Amino acid sequence: MATSLLSSAVSIHKEGKSLVQLKETTFLGISISEHLKTEFNPTIIRSKREYSQRTRSIRAQTAVMTPAVNRASHEKKKTLRKGSVVITGASSGLGLATAKALAETGKWHVIMACRDFLKAERAAKSAGMSKENYTIMHLDLSSLDSVRQFVDNFRQSGRPLDVLVNNAAVYQPTAREPAFTAEGFELSVGTNHLGHFLLSRLLMDDLNKSDYPSKRLIIVGSITGNTNTLAGNVPPKANLGDLRGLAGGLNELNSSAMIDGGNFDGAKAYKDSKICNMLTMQEFHRRYHEETGITFASLYPGCIATTGLFREHIPLFRTLFPPFQKYITKGFVSEEESGKRLAQVVSDPSLTKSGVYWSWNKDSASFENQLSQEASDVDKARKVWEVSEKLVGLA
Ligand code: NDP
Ligand code: PMR
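Residues numbered from 1 in each chain as written. Chains lettered and ligands numbered in written order. Predicted model: local features only at pLDDT ≥ 70, side-chain atom pairs only at ≥ 80, totals over all residues. Heavy atoms only, no water.

**Student:** Go over the site of ligand 1, please, and point to the residues and values.
**Tutor:** Around ligand 1 there are 31 residues in total, and Ser91, Lys119, Asn167, Tyr270 and Thr307 lie nearest to it. A distance of 2.5 Å separates an oxygen atom of ligand 1 from a polar side-chain atom of tyrosine 270. For ligand 1, the protein covers 98% of the area, taking 900 Å² as the surface of the free molecule. At the level of secondary structure, the elements contributing two or more residues to the shell around ligand 1 comprise helix H4 (93-104) and helix H9 (266-292). Taken together, the residues that form the shell around ligand 1 break down as 14 nonpolar, twelve polar and five charged. (Near = heavy atom within 4 Å. Polar contact = N/O pair within 3.5 Å; in protein donor to acceptor, adjacent residues only side chain to side chain. Areas by Shrake-Rupley, 256 points an atom, 1.4 Å probe, with all protein chains shown as cover. Helix = DSSP H or I, 4+ residues; strand = E, 2+ residues; numbered from the N terminus. Nonpolar A, V, L, I, M, F, W, Y, C, P; charged D, E, K, R; others polar.)

Have a look at this one:
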């Protein structure tokens, strides 16, 4: 029955370019209209082989121009020590799978930045991670004091910072009323965006000091924040509007709890937070890439329909969502596969391009994807940055 409900909802045709069409129907109370059609242009897909050929030729040109001594010391550094990567929210789902994938290579020490120490320890243990490959440090992104405390503790640990992965997130699709962070920001945007924004800004100095061959700052994005996709057109759609709610502090005192100033909607707040994540990555790129050489990247790892992200969704959704994604949209990926994808963005030498939003095709090859108009709006990115720095006390 479930399958017939789902298959009556969507039909997917492949005729050269693929066209995904929706019939008027509802999925778990959500109404989708015929006008929701996305045309998927294969020309924007660049195969991994093609991409790495291009980057190889760029690197080959650079290598010719690099003096031999520098190159030798650069190579030497590469083999000197393990990379040191901080992953927020590494106690479950994508973060845990990425921590495991990196730890298993023996080339990375993973700092699992988690709000629940015991949960993280149990998760690392049951994932089979060996103790010398990870450290757990406390971080609660829904408290800016905790973010600052984490940065102090991290510095005291004396470890270098080579890669920062902003992965943690909360999703509250069934909440009727907003919940708030310690400082009184709506919880989804406060945690997923503002907590990470402060963390990243504070840790820029540390990343900059790293002598690792490829330093990276990664912010996990998502398809559902991108309205140039079918998934991004499922209501409620992400939309930051003119940022009046964000500017007012998202606290329902001076302003709405929503970025655009509208009525509270937990699912929309999550999608809005993902737009902020993708805009922030690009703004970092524009402000710092040239000066620091740091690679800034975002990604959509695929639909990991089994993770804890959906813990607050209704039970029927949690039952139907994985088979729907597996058999109907075919967007499903396992936690293990998603972890390999994010691990590539952390460490693959062919994914050093900055300012990029990575996705993977059905053969699991990475390609540089296009963001929606709003998620790539330069002016909005600058405004989100400026308002956010006021809210977190940096301006
Ligand atoms: P999970 O719920 O499994 O993982 C989220 C992690 O974030 C958990 O470790 C959770 O900690 C942590 N977290 C939540 N709140 C806080 C906080 N206040 N402070 C510190 N850590 C916190 O979900 P996913 O693995 O699915 O999500 C990971 C990322 O992937 C998110 O950025 C999400 O937006 C993104 N994503 C997920 C997709 C999916 O289909 N699942 C698709 C596209 C993107 P705890 O274990 O203590 O709850
Ligand atoms: Mg979606 C190609 C189609 C596709 C993909 C890749 C996703 C991913 N979803 C797709 C289509 C649809 N979804 C369609 C046609 C429907 C209506 C039947 C639909 C519904 C739906 C719901 C109710 N989808 C959802 C939800 C959620 O609550 C999830 C969400 O929005 O979380 C924010 C979700 C998701 N769909 C995805 C992905 C990746 C998600 C989850 C999470 C995320 O962005 O992090």
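Continuing now.
**Student:** Tell me about unusual backbone geometry, residues and numbers included.
**Tutor:** Keep in mind that most residues, glycine aside, have a negative phi and that most peptide bonds are trans. For the peptide bond that leads from proline 235 to proline 236, omega is -5°, which places it in the cis range. Mapping proline 236 onto the fold places it in the loop between strand S10 (216-220) and helix H8 (244-247). Positive phi values are uncommon outside glycine, yet leucine 250 reaches one of about 55°. Following the sequence through the fold, leucine 250 ends up in the loop between H8 and H9. For serine 364, which is not a glycine, the phi torsion comes out positive at approximately 65°. Its place among the elements puts serine 364 in the loop between strand S12 (356-360) and strand S13 (366-368). On the accessibility criterion, serine 364 (27% relative accessible area) is partly exposed. (Buried < 20%, exposed > 50% of the residue type's maximum accessible area, 1.4 Å probe, protein only.)

**Student:** Requested: an account of helix H7 (residues 187-209), with residues and values cited.
**Tutor:** Compared with the 33 Å implied by 1.5 Å per residue over 23 residues, the 32 Å span of H7 between its first and last C-alpha is a close match. Of all the bends in H7, the greatest measures close to 40° and is centred on leucine 203. Among the 23 residues of H7, 19 are classified as buried, and the element is accordingly described as predominantly covered. For H7, the N-terminal cap is glutamate 186; the gap from its side-chain oxygen to the backbone nitrogen of serine 188 is 3.0 Å. (Expected span 1.5 Å × (residues − 1). Bend = angle between axes of the 7 residues up to and from the residue.)

**Student:** Before we move on, could you go through the packing of aromatic side chains and cite the residues and values that matter?
**Tutor:** Under the counting rule described, the total for this entry stands at twelve aromatic pairs. Measuring from ring centre to ring centre gives 6.3 Å for phenylalanine 150 and phenylalanine 154, while their planes differ by 20°; the resulting arrangement is stacked. Separated by four residues within a single helix, phenylalanine 150 and phenylalanine 154 lie in helix H6 (residues 144-157), roughly one turn from each other. Residue phenylalanine 150 is classed as buried on the basis of its relative accessible area of 0%. Look at phenylalanine 154 and you get buried, because its relative accessible area is 0%. Among the aromatic residues, those joined into a cluster by ring pairs are Tyr171, Tyr270, Phe310, Phe317 and Phe321. Seen from the ring of phenylalanine 332, lysine 326 lies directly overhead, with NZ or CZ sitting 4.7 Å from the centre. (Phe/Tyr/Trp six-rings, centres within 6.5 Å; stacked < 30°, edge-to-face > 60°. Lys NZ or Arg CZ within 6 Å of the ring centre and 35° of its normal.)

**Student:** How would you explain the nonpolar core if you had to name every residue and give the values?
**Tutor:** Counting residues in hydrophobic clusters, the biggest one holds 60 residues, and the most contacted among them are Phe150, Leu199 and Leu217. Within the residue set of this core, elements represented by two or more residues are strand S7 (108-114), H6, H7, S10, H9, helix H10 (315-329) and helix H12 (378-391). Trp108, Met112, Ile218 and Val333 belong to the second-largest nonpolar core, a separate cluster that totals 37 residues. (Core = buried A, V, L, I, M, F, W, Y, C linked by side-chain atoms within 4.5 Å.)

**Student:** Let's hear about the packing of H9 against H12: which residues, and what values?
**Tutor:** Here H9 crosses H12 at 95°, and the two axes come no closer than 9 Å. Here H9 lies roughly perpendicular to H12, going by the angle between them. Contacts between H9 and H12 involve Cys276, Leu279, Thr280, Glu283, Phe284, Arg286, Arg287 and Tyr288 on the former and, on the latter, Val378, Lys380, Ala381, Arg382, Val384, Trp385 and Glu386. (Axes fitted to C-alpha atoms, helices over the stretch in contact; angles between N-to-C directions. Parallel < 35°, antiparallel > 145°, perpendicular 65-115°, else oblique. Contact = heavy atoms within 4.5 Å.)

**Student:** Give a detailed account of the side chain of lysine 274, specifying residues and quantitative values.
**Tutor:** Assignment of secondary structure puts lysine 274 in helix H9. Despite its burial, lysine 274 pairs with no opposite charge, the nearest such side chain being aspartate 272 at 12 Å. (Lys, Arg positive; Asp, Glu negative; His and termini not counted. Salt bridge = Lys/Arg side-chain N within 4 Å of Asp/Glu carboxyl O.)

**Student:** Go over the packing of H7 against H9, please, and point to the residues and values.
**Tutor:** Direction vectors running N to C along H7 and H9 enclose 15°, while the axes themselves pass 8 Å from each other. Here H7 lies roughly parallel to H9, going by the angle between them. H7 and H9 meet at a crossing whose hand is right-handed. Between H7 and H9, the contacting residues are Ser188, Val189, Asn192, His193, Phe197, Ser200, Arg201, Met204 and Asn208 on the first element and Gly266, Ala269, Tyr270, Ser273, Cys276, Asn277, Thr280, Phe284, Tyr288 and Thr292 on the second. Here the residues of the contact of H7 with H9 are counted per class, giving eight nonpolar, ten polar and one charged. (Left-handed = near helix turned anticlockwise from the far one by under 90°.)

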